[in-house]
Amino acid sequence: MSNGERIGVFGGTFDPVHKTHLDIARAAREQARLDRVLLVPAATPPHKKGDVHTNAEDRFAMVAAAVAGEPNFEASRIEIDREGPSYTIDTLEALSSIHPGCLLFLIVGFDSLIDLPRWRRAEDIVARARLLVAPRPDTAGNAQVPYADRCQLLRITPSAVSSTEIRKRLAAGEDLSPWLPAPVLRVIGERGLYHAHY
Ligand code: ATP
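Rules behind the numbers
- Residues numbered from 1 in each chain as written.
- Predicted model: local features only at pLDDT ≥ 70, side-chain atom pairs only at ≥ 80, totals over all residues.
- Heavy atoms only, no water.
- Helix = DSSP H or I, 4+ residues; strand = E, 2+ residues; numbered from the N terminus.
- Rg over C-alpha atoms; globule rule 2.2 N^0.38 Å.
- Buried < 20%, exposed > 50% of the residue type's maximum accessible area, 1.4 Å probe, protein only.
- Contact = heavy atoms within 4.5 Å.
- Areas by Shrake-Rupley, 256 points an atom, 1.4 Å probe, with all protein chains shown as cover.
- Lys, Arg positive; Asp, Glu negative; His and termini not counted.
- Charge placed at Lys NZ, Arg CZ, Asp CG, Glu CD.
- Axes fitted to C-alpha atoms, helices over the stretch in contact; angles between N-to-C directions.
- Left-handed = near helix turned anticlockwise from the far one by under 90°.
- Nonpolar A, V, L, I, M, F, W, Y, C, P; charged D, E, K, R; others polar.

## Quick notes on the overall build of the chain
So, point 1. Within the chain one finds seven helices and six strands.
So, point 2. Ordered by position from N to C terminus, the α and β elements of the chain give β-α-β-α-β-α-β-α-α-β-β-α-α.
So, point 3. For 198 residues, the compact-globule formula gives about 16 Å, and the C-alpha radius of gyration of the chain, at 16 Å, lands near that figure.
So, point 4. Taken along the three principal axes of its C-alpha coordinates, the chain extends 45 × 40 × 30 Å.
So, point 5. Evaluated residue by residue, the chain yields a buried proportion of 49% over its 198 residues.
So, point 6. Contacts spanning at least 24 positions in sequence make up 70% of the contacts within the chain whose residues lie at least 6 apart.
So, point 7. Total accessible area on the chain stands at roughly 9600 Å², and carbon and sulfur atoms take up 49% of it.
So, point 8. Distance between charge centres in the chain, computed from 24 positive and 25 negative side chains, equals 2 Å.

What follows is the structure, encoded as structure tokens:
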């Protein structure tokens, strides 16, 4: 692809992907003038071992459904198709060789930014990608902001939505249409995920 292409990389468990994820991706695309945004479901998230509720193919199907109508958004299989744990640095290095000369932007929520110094080869991550950071209500007041000189804070209304809360509510049979895009709800219903009652 062309040199200088601005690529946003938004990784996550996406268990399930929710409307706030899409709002963050849209804000990143507009505010950092990205040519495209890749949503990258992790195969085995290193920090969430034993805490992933849905298999990678189902999580990928939900992400693919969520971005189907979004120009410049793509669901990426890059981590799912790779052997072993999903380290962000491996993904960034792979994308740099697939798209020589591209500019990478890593999109993260504020909670992930606080955690980032403990990720594998964190210094290499921030050397390779600028950080686009979404505020998150429960962590927004946190004292130390790591890598502040590499961060751009996204202007977006903070939202308390989380996949954890959504999983609980789905299992309780609540209506999640305010929080989940309709195509994602369809995949959940069709595949019988989260013991959702439909
Ligand atoms: P879980 O509740 O299962 O931990 P989650 O809602 O945090 O899930 P992830 O798939 O783990 O979703 O998140 C992917 C990325 O999106 C992370 O960088 C996370 O910080 C960010 N993110 C998710 N929800 C929000 C939110 N409400 N506000 C800001 N960032 C968020």
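## What about the packing of helix H2 (residues 56-67) against helix H7 (residues 182-191)?
So, point 1. Contact geometry of H2 with H7 gives a least axis separation of 8 Å together with a crossing angle of 145°. The element H2 and its partner H7 pack so that their crossing is right-handed. Between H2, through Glu57, Asp58, Ala61, Met62, Ala65 and Ala66, and H7, the contact on the second element is made entirely by Pro183, Val184, Val187, Ile188 and Arg191.
So, point 2. For the contact of H2 with H7, a count of residues per class yields eight nonpolar, no polar and three charged.

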